Amino acid sequence: MEIEQTSANALSHVVAKAIINAPFEKVDIADWLLNLPDAEYQKCSINHIAAGATSTYGGQPMSINVEMIGDALVIQHYVATELRPDYCRMLSQSDVIGKNGRTKVQVLWELKARRIDDNMCEYTNEIHATATPEFLEFIAAHGITLAHAAAARQLASGLHNDEETPVFAKSIERKALTGQYIY
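Bear in mind that the values here come from a model prediction, so they are computed numbers and not experimental data. (Residues numbered from 1 in each chain as written. Predicted model: local features only at pLDDT ≥ 70, side-chain atom pairs only at ≥ 80, totals over all residues. Heavy atoms only, no water.)

Novice: Please explain the sheet that holds strand β2 (residues 48-55) as it appears in this structure.
Specialist: Adjacent strands of a sheet form backbone hydrogen bonds with each other and so pair up, either parallel or antiparallel. In space, the 7 strands of this open sheet follow the order β1-β7-β6-β5-β4-β3-β2, with antiparallel pairing throughout. The open sheet has two free edges, formed respectively by β1 (10-20) and β2, since each of these has just one partner strand. Taken over all neighbouring pairs, the strand axes of this sheet differ in orientation by 20 degrees on average, direction set aside. Looking at chain direction, strand β4 (residues 72-84) and strand β5 (residues 87-98) are connected through 8 bridges and run antiparallel. The residue bridging Val-74 from the neighbouring strand is Val-96, located in β5. (Pairing = 2+ DSSP bridges. Helix = DSSP H or I, 4+ residues; strand = E, 2+ residues; numbered from the N terminus. Axes fitted to C-alpha atoms, helices over the stretch in contact; angles between N-to-C directions.)

Here is the structure:
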């Protein structure tokens, strides 16, 4: 069940953009994401460890991503709530493993393409991290305030998103133009 992000549970909200030098009609983010090879995912960030595609019991497509965000190992279980060539909305109840132990956060990942002209698109990579009730209990048990946790997550997520977004855009571009991934 999706948790609505509010000021009482927000951990981070980051947005990064990059140019895709390919016609809008050839870009298919949903196809790119759900067929992304593990090796390609790893090349998009030094903090990417592994990725794969699967589905829920109900048949909804999923992307499983394993990465470092700051000093935490994060396993994303992204379920596709909307899939189109120009927009993917992926929602995860993510496992977070850090020096204080293991907990969960909700992550909403939105991948968007917007036509600029006949040969160019703008790619937007937007990520919202929201504290789950489990996470709020976890930080309270460790004497960490939500404000402190949110500041750390905002910084780490922003740096991560700024690194991966231009490489994601190049990978989407190559897939749109050649049908192949970069790796």
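Next comes the rest of the account.
Novice: When you look at the environment of Glu-2 in this model, what are you seeing that I'm missing?
Specialist: Relative to the helices and strands, Glu-2 is located in the segment before β1. Separated by 83 residues in the primary sequence, Glu-2 and Pro-85 have C-alpha atoms spaced 23 Å apart. Among residues more than four places away in sequence, those in contact with Glu-2 are Arg-89, Leu-91 and Gln-106. Within the structure, Glu-2 has its side chain in polar contact with the side chain of Arg-89 (distance 2.6 Å). (Contact = heavy atoms within 4.5 Å. Polar contact = N/O pair within 3.5 Å; in protein donor to acceptor, adjacent residues only side chain to side chain.)

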